[in-house]
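Notes for the structure review
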There are 4 protein chains.
Amino acid sequence: MIDALTPPARPLFQKLTTFIDAECRPAEEEFEEKLDGFKIIPEVLLALQRRAKELGIWNLFMTHLHNITVHDYGLMSEQMGTSFLAAYATNCAAPDTGNMEVLHDFGTALQKERFLGPLMDGGMRSAFLMTEPDVASSDARNVCTEFKKETRSGVEGYVVSGRKWWSTGAEDPRCEVFVVMGRVVENSVMSKHHTMLVVPSKSPGVTIVRSLTVFGYDDAPFGHAEVSLDDVWVSKEDSLLGEEGAGFKIAQSRLGPGRIHHCMRAIGLARRCFDVMVERMLTRKVFGKEMARHGMSQEKIADCKSDLDCARAITLLCADKIDRIGAKAARGDISMIKYAVPDFVLRIVDKAMQVHGGMGMCEDTMLPRAYSYVRTLRIADGPDEVHKMVVAREECKAALKRMGIAVGSKL
Amino acid sequence: MIDALTPPARPLFQKLTTFIDAECRPAEEEFEEKLDGFKIIPEVLLALQRRAKELGIWNLFMTHLHNITVHDYGLMSEQMGTSFLAAYATNCAAPDTGNMEVLHDFGTALQKERFLGPLMDGGMRSAFLMTEPDVASSDARNVCTEFKKETRSGVEGYVVSGRKWWSTGAEDPRCEVFVVMGRVVENSVMSKHHTMLVVPSKSPGVTIVRSLTVFGYDDAPFGHAEVSLDDVWVSKEDSLLGEEGAGFKIAQSRLGPGRIHHCMRAIGLARRCFDVMVERMLTRKVFGKEMARHGMSQEKIADCKSDLDCARAITLLCADKIDRIGAKAARGDISMIKYAVPDFVLRIVDKAMQVHGGMGMCEDTMLPRAYSYVRTLRIADGPDEVHKMVVAREECKAALKRMGIAVGSKL
Amino acid sequence: MIDALTPPARPLFQKLTTFIDAECRPAEEEFEEKLDGFKIIPEVLLALQRRAKELGIWNLFMTHLHNITVHDYGLMSEQMGTSFLAAYATNCAAPDTGNMEVLHDFGTALQKERFLGPLMDGGMRSAFLMTEPDVASSDARNVCTEFKKETRSGVEGYVVSGRKWWSTGAEDPRCEVFVVMGRVVENSVMSKHHTMLVVPSKSPGVTIVRSLTVFGYDDAPFGHAEVSLDDVWVSKEDSLLGEEGAGFKIAQSRLGPGRIHHCMRAIGLARRCFDVMVERMLTRKVFGKEMARHGMSQEKIADCKSDLDCARAITLLCADKIDRIGAKAARGDISMIKYAVPDFVLRIVDKAMQVHGGMGMCEDTMLPRAYSYVRTLRIADGPDEVHKMVVAREECKAALKRMGIAVGSKL
Amino acid sequence: MIDALTPPARPLFQKLTTFIDAECRPAEEEFEEKLDGFKIIPEVLLALQRRAKELGIWNLFMTHLHNITVHDYGLMSEQMGTSFLAAYATNCAAPDTGNMEVLHDFGTALQKERFLGPLMDGGMRSAFLMTEPDVASSDARNVCTEFKKETRSGVEGYVVSGRKWWSTGAEDPRCEVFVVMGRVVENSVMSKHHTMLVVPSKSPGVTIVRSLTVFGYDDAPFGHAEVSLDDVWVSKEDSLLGEEGAGFKIAQSRLGPGRIHHCMRAIGLARRCFDVMVERMLTRKVFGKEMARHGMSQEKIADCKSDLDCARAITLLCADKIDRIGAKAARGDISMIKYAVPDFVLRIVDKAMQVHGGMGMCEDTMLPRAYSYVRTLRIADGPDEVHKMVVAREECKAALKRMGIAVGSKL
């Protein structure tokens, strides 16, 4: 039942799977070869994008456009996770997905025309500037980029000043727009509440300081940038998303389905790692017999299998819950998969690496890259520890209710 | 969706839940107080049985009688797991459930009349004699109780000789019948294949050698007996289940749904332990604040929550799979939950014990008993290691198929 | 080097080891058979005591009497851990050891004559009454048994009122004395500081409420009692240990070397479990070959071996540190072994149980009893969580010092 | 006691520690900046080498030259592990250390003059060519590079043909010599036994195929090369190490002390990671207080502390055992630390990464590089699984002996 798609999703899923198996994974090698840092997007990816658009498997994350559910899209994300190119090829890659959702839900007509259209068309890319190097952003209230109110030439606006990092995609040559979190400053007083602005990435005062690496990978051509914003003036009309002080509400709206996508892609990737592990075990002999016949290997397979099934089950059930009761009510479950799934997946990838020996450490497999990517999921969108606090609080609230004790008195 | 019951199951589930919450758990204390070893069954349990029968929540494990699914019954088993008395009260306790299934599927009319009827009525109990102290029964082929062919007074029959243990329920004062696994011996040659016999428990030559304890518990009044069978003669007509050599087939038929029951009961028990843990944390102060406000406690809650949800998800999905494709085809999944679920549950129970301090070690909570019970699940019905081998083999077969390699050549 | 004994310790160690191997372990079976609850101490143990005294391996825990080190005695404790009777046989069992230390260090001449002498002679036993059922004793400041000041017949004294539990040894028929922690109450005001009193166990007002079980074990004939103290009057002169308010100092003085003893005994026990596990693997065949030839078994052996060696190494190094710089300065290490060692040992015992299958769950091996015993070590003398806090604080202090930051400002 | 150095080691240790703290760690930043792939060795490292030679802390791994023990050098290796440059600066880096030992123990006078001298002088570097991409080298018997006997111009010699990888240091611009493992082929028959040859790295037929990355790091300027050997002729006199068929003996002679070095360096690195973790916790605020005051942080500190102490204790005890009874007799312990230590260290590094959030994933800390490096230790010199088999076999042998059973009959 957990694999059941709604009728509108079935043909899309089928086309997507075929596309990934037959076109995305086979294109990975050429993509890698043609890479040239952040200068270009290899043509092979652009061709995949055209192809996906043609096939109608485009912007699937906007589930309402396709009349599909979060659960449907979860199953699709799992497939996308089996190729590093699939999410990009189908215009379903972060952070554009979250930014498009935000623009769709909170953007003005102008913002939609200028940014949402091109982003959905796939020719433009975007970045989300939230985390800051100088504060513990795991507690998002610490974010302190300044949006100083300043009217220029009679136009209301903000002067943006701050330093952001882990701005994924900011270096993509097609990146045109940033969604930036910060706090309004008026008369030298910084608001307690956060605000979200849309800032063109080529604005004067914006500087890409450097590309961050993850383990040793620069993740070109998308990358993770450190960005300096020095007195970047934007007009209020062009830039303000929703209203002042709505930053948290907007940020949180990104998170529910987004975590399903991340988790399911990680699970698809885990499945790919598991498959290559078992295949290796079946074809490699040590001490007189195939690795697969050794007890320690069998235990690894069995442990990976239950890890994989657990990760997948709780994530798909969470997706279904979002469909039924909404992301807000499913908040505890969303936090739970956020910390539980990467843990399962890392165990699988680690075992696959081990089974591959030296090959599992280097570029001859996608394993170390997979490990690095999934490891960041334990940090991104809030570290495990914060999500554990959320789950604990939800469970305590439920217990207090069951016990007939007022919540306020205890938490 | 995972909690969805079929229409026939809904009223049964509702009645069962109410019965357990309102009558079974509250009766536990009296049951404990009235216990007197293996001599009697406290009246409070007999009353619960009458009540359950009256309510029609009786023999629910025989899903076809109630037009419910394995998945439905899984959800019911979870509820039963929240009280030590519930499975007994509703005539759904092992090993009777498995024995009734076997008698139902393989028994002769005579066997059914003599044993199945009374067992289903709840007045008689039974035991399953499989494991032997002298051989590694984890490899069931080692089982070597002898069924020596011998005709007495012109009647074909067998002389049963062997030593069995972990015969749960054999000491229950109502126990009348054993289902015994062994091997036919003819002309001093022992068959390679196993056979299953029905043996009245009061037959001459049957001796209850002793009650085994689990950790320090004797689990009276049901217990786990060591049983000696010394030249116990039974007639073939009365005793043979199915045919000679069909022992494995019969034994395996018990196992699929049975493992769902065990796992779901363990999960229900884990939920109870989790609940008391959180409640304790909310009401007990250490170092100036409720335990629930301490970070180490929050991490425990979060970890338990994901463990619980994982265990539950994979078990219910497995139940659903049995409903859809049958226990045989779901073999890998059944083995997987067999080793994965007790591991999750033990982690939860262990944390609950820790949070309860000294109280968590002793009889003031059901926690150490819960731990002991769940710990045996890693051994019973085949140790984890054997089930891991099964899962590894299934995964290897699937990989070989995917790789286009003939299975025989590699496994 | 870690196994090096000082010269005075060598002959003692040799005699002790021989005594345990040749006399204690072989006596266990008879001891178990002759047990009759808390009524008697089986003669076989009394004979072992006489023998140990004769051999001069008596009260070895009083290291200064034998001119040996804490490290020497650690190695002896490890040997004692390999038999359930050894510590009792040599008068080195808790809680008498701690009580004797306390009486030795803080007792008056009268207290020493009346209690310390007989305890050291082995004919009397004692209990330590600290933990209370109604408060979270993991934060020892919560302990609230009252010592109300009251002069009777012109003699200064205290009226003791409270409820204690986990009073190990209180039911031993030879138990005569309790060391009790509580707080002085004067003019209806309870002191913030704790005080320690010596209370004869047969005093009017003392009631053994019940025997607590650990998992299902009552640990007779020593047991763990719940004790009620109802208006038990004792004279100050007879009872006060040290001075009023010195309770914590006295309690803590028990803890350093005591934890070495506990840990090393647990490690000795782990070694015994490990040995029987490997022996079983070498003699039991499954799936066509000895268990020891299966990869999953080999991994278990290897994991147990490193767990055992780690536990042993950090404990002996901690013992050595106590010898060199004293228990107070080694506080962090003592807390560390307190939580780290039981964790290692439980993993070993659990694997040994698993390898023994059904036999590993029942009384045919000492394994489940070993598990139960070691599991309590994660609670006794402060739960893991409290000791982790201690270690974290010590490490933070060291880091602050290294960083040149005043400690007070951060912790 | 575990920290005790022998008298000759004390001044060396002191000088080394000061050198690392005051000169090596501070030089890391400049080293990184000046790196230019495999083309040059930054001058800052060459200066450190001159300085170390001057200080007499040079070639310390050759313990007999300094009259120090393996245990002494283990403590020194720990210090070296705290800076990525220290082992290189002191001429104590792998694989030169192992190669120098081999040349010292098995080399001819000519080989010593030509290679050992320059290597010890620090101007030349070397590589060890063992692992092959096409076979499971975890079972070293699979290694199959061919040494075809061929006399040229009347000089006996070998034609070397094969493909090697993970040849660390082969791309260092100063690398002049390879130690190569393979098998002699005579009259088209390949020997079952392995042989070790010394091959000049600039010989015709030697090609550096590519640089392997570990996770994303190329580890320039030392690197890990894939090397092709195509019909490389070498004379027997110049090349043969020891005698034909002695390859395993020679390979194994490298391994004992070498594993102490690796483990202790990893432990030194773990200590550095632990320190930065705690410092970060003390200076970073989340949710209103320093991270160090949160319970989840405290548990991390406590877990790291025991992991670190365990890893360190078993490794130093193993070093001491090698000193006392030799590497061969300590074989089981050496294998044990090989799998146990990286596991402990990885847990520490992983926690340190987590605590650093995004910073912990990128080049702003040495953490991801540390993780990558230590992760390879679970593969290099034989994967964990092989070492677990060794330990299991040693333990089984000991048990059989204890049981009075002949070893041959069971293993």
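Residue positions are counted from 1 within each chain, in the order its sequence is given. To label them, take the chains in the order written and letter them from A, then take the ligands in the order written and number them from 1. Reporting in this predicted model follows two pLDDT cut-offs: at least 70 for local features of residues, and 80 or more for side-chain atom pairs to be given and counted; totals over whole chains, interfaces and linings ignore these cut-offs and use all residues. Note: side-chain values were computed over all heavy atoms of the structure, leaving out hydrogens and water.

Looking at an unreviewed UniProt entry, one finds chain A named Acyl-CoA dehydrogenase, with Triparma strigata as its source organism. UniProt positions are given in the numbering used here, feature names are shortened, and annotations may be inferred rather than shown by experiment. Quoted straight from UniProt, the Cofactor (unreviewed entry) entry for chain A says "FAD". Of chain A, the UniProt comment under Sequence similarities (unreviewed entry) reads exactly: "Belongs to the acyl-CoA dehydrogenase family."

**Digging into the relation of the copies chain A and chain D**
We superpose the copies by least squares over the C-alpha atoms of residues that have a pLDDT of at least 70 in both of them. With an axial shift of 0.0 Å and an RMSD of 0.0 Å, the rotation relating chain A to chain D amounts to 180°. Within this description, the copies of the chain are treated as partners about a two-fold rotation axis. Every residue of chain A has its C-alpha some distance from the rotation axis, and the shortest such distance is that of Gly216 of chain A, at 1.8 Å. Throughout, a residue-residue contact means that at least one pair of heavy atoms, one from each residue, lies within 4.5 Å. A high fraction, 100%, of the interface residues of chain A reappear at the interface in chain D, so the copies pair face to face through one surface.

**Focus: the UniProt feature "domain: Acyl-CoA dehydrogenase/oxidase C-terminal" (unreviewed entry) in chain A**
UniProt's entry tags residues 245-394 of chain A with the feature "domain: Acyl-CoA dehydrogenase/oxidase C-terminal" (unreviewed entry), counted in the numbering of this structure. Across residues 245-394 of chain A one finds 77% helix and 3% strand; the C-alpha atoms that close the span lie 25 Å apart. Every helix listed is a DSSP run of H or I at least four residues long, and every strand listed is a run of E at least two residues long, numbered separately from the N terminus.

**What about the pattern of salt bridges?**
Salt bridge criterion: a side-chain nitrogen from Lys or Arg within 4 Å of a carboxyl oxygen from Asp or Glu. Under the definition given, this model contains 156 salt bridges over all chains. Between Asp172 of chain A and Arg174 of chain A there is a salt bridge, and its shortest N-O distance comes to 2.8 Å. The burial state of Asp172 of chain A is the same as that of Arg174 of chain A; both residues are buried. With a closest N to O distance of 2.8 Å, Arg375 of chain A and Asp350 of chain D form a salt bridge. One end of the pair, Arg375 of chain A, is in helix α12 (residues 367-377); the other, Asp350 of chain D, is in helix α11 (residues 331-356), on a second chain. Its relative accessible area of 0% is what places Arg375 of chain A among the buried residues. Burial classification: accessible surface area is computed with a 1.4 Å probe over protein chains only, and a residue below 20% of its type maximum counts as buried, one above 50% as exposed, and the rest as partly exposed.

**Side note on the interface of chain C and chain D**
In this assembly, 46 residues from chain C lie in contact with 46 residues from chain D. Buried area counts how much accessible surface, traced with a 1.4 Å probe, disappears from two parts once they are put together, with both parts' losses summed. Both faces considered, chain C and chain D share a buried interface measuring about 4,000 Å² in area, 68% of it formed by carbon and sulfur atoms. Lys305 of chain C is the salt-bridge partner of Glu395 of chain D, the closest N and O atoms lying 3.6 Å from each other. The set of elements that each furnish at least two residues to the side of chain C that touches chain D consists of α9 (247-283), α10 (295-325), α11 (331-355) and α13 (384-403) of chain C. The dominant element in the side of chain C that touches chain D, judged by the number of residues it contributes, is α10 of chain C, at 15 residues. Residue composition of the side of chain C that touches chain D, by class: 25 nonpolar, 5 polar and 16 charged. For this scheme, ten residues count as nonpolar: Ala, Val, Leu, Ile, Met, Phe, Trp, Tyr, Cys and Pro. Four count as charged, namely Asp, Glu, Lys and Arg, and the remainder, Gly too, count as polar.

**A few points about the relation of the copies chain C and chain D**
In summary, the two copies of the chain are related to each other by a rotation about an axis coupled with a shift along it. Superposing chain C onto chain D requires a rotation of 180° together with a translation of 0.0 Å along the rotation axis, leaving an RMSD of 0.0 Å. A high fraction, 100%, of the interface residues of chain C reappear at the interface in chain D, so the copies pair face to face through one surface.

**Some words on the environment of Met389 of chain D**
Looking at the secondary structure, you find Met389 of chain D in helix α13 (residues 384-403). When the C-alpha positions of Met389 of chain D and Ser335 of chain D are compared, they lie 9.1 Å apart, and in sequence the two are 54 residues distant. The residues contacting Met389 of chain D, other than those within four sequence positions of it, are Phe287 and Met296 of chain A together with Gln298 of chain C.

**So, unusual backbone geometry**
Only a minority of non-glycine residues have a phi that is not negative, and only a minority of peptide bonds are not trans. The linkage connecting Ala94 of chain B with the following residue, Pro95 of chain B, adopts the cis geometry, with an omega of 0°. Backbone torsion omega between Ala220 of chain C and Pro221 of chain C reads 5°, so that peptide bond is classified as cis. Its place among the elements puts Pro221 of chain C in the loop between β7 (206-212) and β8 (224-235). Although it is not a glycine, Trp166 of chain A sits at a positive phi angle of roughly 55°.

**A few points about the interface of chain A and chain D**
Many structure descriptions define interface size as the accessible area lost when the parts assemble. The interface is formed by 48 residues belonging to chain A together with 49 residues belonging to chain D. Interface area for chain A against chain D, summed over the two sides, is near 3,900 Å², with a carbon-plus-sulfur share of 57%. Taken together, chain A and chain D are joined by 8 salt bridges. As a salt-bridge pair, Arg378 of chain D and Asp350 of chain A come within 3.0 Å of each other at their nearest N and O atoms. For the purposes of these results, a polar contact is taken to be a pair of N or O atoms within 3.5 Å, where, inside protein, one atom must be able to donate a hydrogen and its partner to accept one; residues adjacent in sequence count only when each atom of the pair is a side-chain atom. On inspection of chain A and its partner chain D, the count reaches 29 residue pairs in polar contact (both at pLDDT 80 or more). When contributions to the side of chain A that touches chain D are tallied by element, the ones reaching two or more residues are β3 (157-168), β7 (206-212), β9 (285-286), α10 (295-325), α11 (331-356), α12 and α13 (384-403) of chain A.

**Some details on the pairing of strand β5 (residues 189-200) of chain B**
Residues and elements named next belong to chain B. When strand β4 (residues 175-186) meets β5, the two strands line up antiparallel, connected through 9 bridges. From the neighbouring strand, Met181 faces β5, where its bridge partner is Met196. As consecutive antiparallel partners, β4 and β5 are separated by 2 residues, and within that stretch Asn187 has a phi angle of approximately 50°, a positive value. Here, any two strands with at least 2 DSSP bridges between them count as paired.

**Considerations on the UniProt feature "domain: Acyl-CoA oxidase/dehydrogenase middle" (unreviewed entry) in chain A**
Mapped onto the present numbering, the UniProt feature "domain: Acyl-CoA oxidase/dehydrogenase middle" (unreviewed entry) falls at residues 127-232 of chain A. Taken end to end, residues 127-232 of chain A is 0% helix and 52% strand, and its two terminal C-alpha atoms sit 16 Å from one another.

**Here's the deal with the packing of α10 of chain A against helix α13 (residues 384-403) of chain B**
Between N-to-C directions, angles span 0 to 180 degrees; the directions come from axes that are lines fitted to C-alpha atoms, helices contributing only their stretch in contact. Packing of α10 of chain A against α13 of chain B leaves a shortest axis separation of 8 Å and a crossing angle of 85°. Judged by the angle between their axes, α10 of chain A and α13 of chain B are roughly perpendicular. Contacts between α10 of chain A and α13 of chain B involve Gln298, Glu299, Ile301, Ala302, Asp303 and Lys305 of chain A from the first element and Lys388, Met389, Val391, Ala392, Glu395 and Cys396 of chain B from the second. Partitioning the contact of α10 of chain A with α13 of chain B into residue classes produces 6 nonpolar, 1 polar and 5 charged. These descriptions rest on fixed angle ranges, namely under 35 degrees for roughly parallel, over 145 for roughly antiparallel, 65 to 115 for roughly perpendicular, and the rest for oblique.

**What about the state of the cysteines?**
Cysteine sulfur atoms that come within 2.5 Å of each other are treated as a disulfide pair. The full count for this structure, using the stated rule, is 0 disulfides over all chains. No disulfide involves Cys310 of chain C; its nearest neighbouring cysteine sulfur is the one of Cys310 of chain D, lying 4.4 Å away.

**Overview of helix α11 (residues 331-356) of chain B**
All names here are of chain B. When the terminal C-alpha atoms of α11 are compared, their 38 Å separation across 26 residues agrees well with the 38 Å that a helix rising 1.5 Å per residue should span. Bend angle per residue: angle between axes fitted to the 7 residues ending at that residue and the 7 residues starting there. A maximum bend of about 25° is found in α11 at Ile337. With 23 of 26 residues buried, α11 is to be regarded as a mostly interior element. Of the residues one or two after α11, Gly357 is the one with positive phi, at around 55°. Here, expected helix span is obtained from the residue count minus one, scaled by 1.5 Å.

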